[in-house]
Amino acid sequence: MENKYKAKYLELSNKQMGGTKALDIVILHHPITKNTKIPKDMKPIIKKLSKLNITNIKIHNYWFKFAQNNFELDDLLFENVAKDINKTFSHLKSFLIIALEHACPFGLYFSYHYSSKCKGIICYPFRYYSKGSYERRIWKLKTNNGYAKIIKKYDVDKYMIKINNDRLQTLINDNSDEGIQALWYVIDFYMQKQYDKIPTKFKIPTIIYTRLDLDVKSIIEHNYDRTDIANMKKIFSENDAMQQSMMWNFDRIKYDDMLKTKNKKHLKIKYIISGWEDNMDIINEVILLNY
């Protein structure tokens, strides 16, 4: 949406809303991070959300325990994260969730099991976790030795697949590039393992943005030009990179079709292209959900 149209849209929407509704917004920030600072690209979005013509609008930020480098493996379980979100915002009667990137599965889990607390959820964009993605992660990192090609100092079994809390603390305390990468692998792997806990039937207004890999330049740069990634994924040419991305895109759309079939009432799915994201979409969805 062009800037001049965005401004007009916000102006008209604010007039229509009449400034009569109160709204609490909880932002679930990216869980795979080493700090609890508002991301640079989210600062203007939060500022604009705060200025919407809604009475008593309040923005609340949620940081996952594992983003604060003080956690154990049980803290990665969806049910325990949901309990923590509920406890953290127990003072709020209900709220709208904005879930960013890898936070989306956690947000969907919470919105299903604590639906009375949720006015709606916006997933921007929804990171796809499935049996296929879980099995592919093991294939890339273990079977195809992708982990060993990137991380030299740790073993994939001991420090990812069969990690325990003692070895987890080793990674948490390792601030080297390899240590940070290994910790990210643990968090992502635990999310992948829980793919079957992510609800596919929704009880509240749910807006999912699906990101498709269609930008040729970035596909080649991120998958073929990086030799470590290309070796891990068995990509031998630019065409291989394009083919794998398109196969993954179709898998995503198949998943979306399943969601649409199960959810005739509460679900909207929208598509964005990787690298072409416009966070202004979040503001538009907040306005529409409250109109």
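Fair warning: this is a prediction, and the values are worked out from it, not measured in the lab.

Chemist: How should I be thinking about the overall build of the chain in this particular structure?
Modeler: Each helix and strand counted, the chain has 13 helices and six strands in total. In terms of overall size, the chain behaves like a compact globule, its C-alpha atoms giving a radius of gyration of 20 Å where 291 residues would be expected to give roughly 19 Å. In terms of principal-axis extent, the alpha carbons of the chain reach across some 60 × 45 × 35 Å. Across the 291 residues in the chain, those meeting the buried criterion constitute 49%. By sequence separation, contacts in the chain at least 24 residues apart represent 76% of the contacts at least 6 residues apart. Accessible surface computed for the chain: about 14700 Å², of which carbon and sulfur atoms make up 49%. For the chain, the distance from the average site of its 48 positive side-chain charges to the average site of its 33 negative ones is 6 Å.

Chemist: Can you help me understand the pattern of salt bridges in this one?
Modeler: Side chains that carry opposite charge are capable of pairing whenever their charged atoms lie near each other. Under the counting rule described, the total for this entry stands at 10 salt bridges. For R211, the salt bridge goes to E101, with nearest N and O atoms at 2.9 Å. Taken as a pair, R211 in strand β5 (residues 206-212) and E101 in the loop between β3 (95-100) and α4 (104-113) lie far apart in primary sequence, 110 residues in all. Each of the two residues, R211 as well as E101, counts as buried. One salt bridge in this structure joins K270 and E285, with 2.6 Å as the shortest N-O distance. Taken together, the residues span a long stretch of sequence, with K270 in strand β6 (residues 267-273) and E285 in helix α13 (residues 280-289) at a distance of 15 residues. Given the relative accessible area of 28%, K270 is considered partly exposed. On the accessibility criterion, E285 (2% relative accessible area) is buried. Connected via shared salt-bridge partners are E101, R127, R211 and E277.

Chemist: What's the story with the packing of helix α3 (residues 78-88) against α4 in this structure? I'm lost.
Modeler: The relative placement of two packed helices is expressed as an angle between their axes plus a distance between the axes. Relative to each other, α3 and α4 sit at 70 degrees, their axes nearing to 9 Å. Of the possible angle classes, the one that applies to α3 and α4 is roughly perpendicular. Residue-level contacts link F78, E79, V81, A82, I85 and N86 of α3 to P105, F106, Y109 and F110 of α4. Taken together, the residues that form the contact of α3 with α4 break down as eight nonpolar, one polar and one charged.

Chemist: Explain unusual backbone geometry here, please?
Modeler: Note that the residue after Y124, namely P125, is joined by a cis bond; omega there is -25 degrees. Mapped onto the fold, P125 is located in the loop between β4 (118-124) and α5 (131-143). Although it is not a glycine, N145 sits at a positive phi angle of roughly 60 degrees. Examined against the element boundaries, N145 turns out to sit in the loop between α5 and α6 (146-150). A relative accessible area of 45% places N145 in the partly exposed class. A positive phi angle, near 60 degrees, is found at K234, a position not held by glycine.

Rules and cut-offs
- Residues numbered from 1 in each chain as written.
- Predicted model: local features only at pLDDT ≥ 70, side-chain atom pairs only at ≥ 80, totals over all residues.
- Heavy atoms only, no water.
- Helix = DSSP H or I, 4+ residues; strand = E, 2+ residues; numbered from the N terminus.
- Rg over C-alpha atoms; globule rule 2.2 N^0.38 Å.
- Buried < 20%, exposed > 50% of the residue type's maximum accessible area, 1.4 Å probe, protein only.
- Contact = heavy atoms within 4.5 Å.
- Areas by Shrake-Rupley, 256 points an atom, 1.4 Å probe, with all protein chains shown as cover.
- Lys, Arg positive; Asp, Glu negative; His and termini not counted.
- Charge placed at Lys NZ, Arg CZ, Asp CG, Glu CD.
- Salt bridge = Lys/Arg side-chain N within 4 Å of Asp/Glu carboxyl O.
- Axes fitted to C-alpha atoms, helices over the stretch in contact; angles between N-to-C directions.
- Parallel < 35°, antiparallel > 145°, perpendicular 65-115°, else oblique.
- Nonpolar A, V, L, I, M, F, W, Y, C, P; charged D, E, K, R; others polar.

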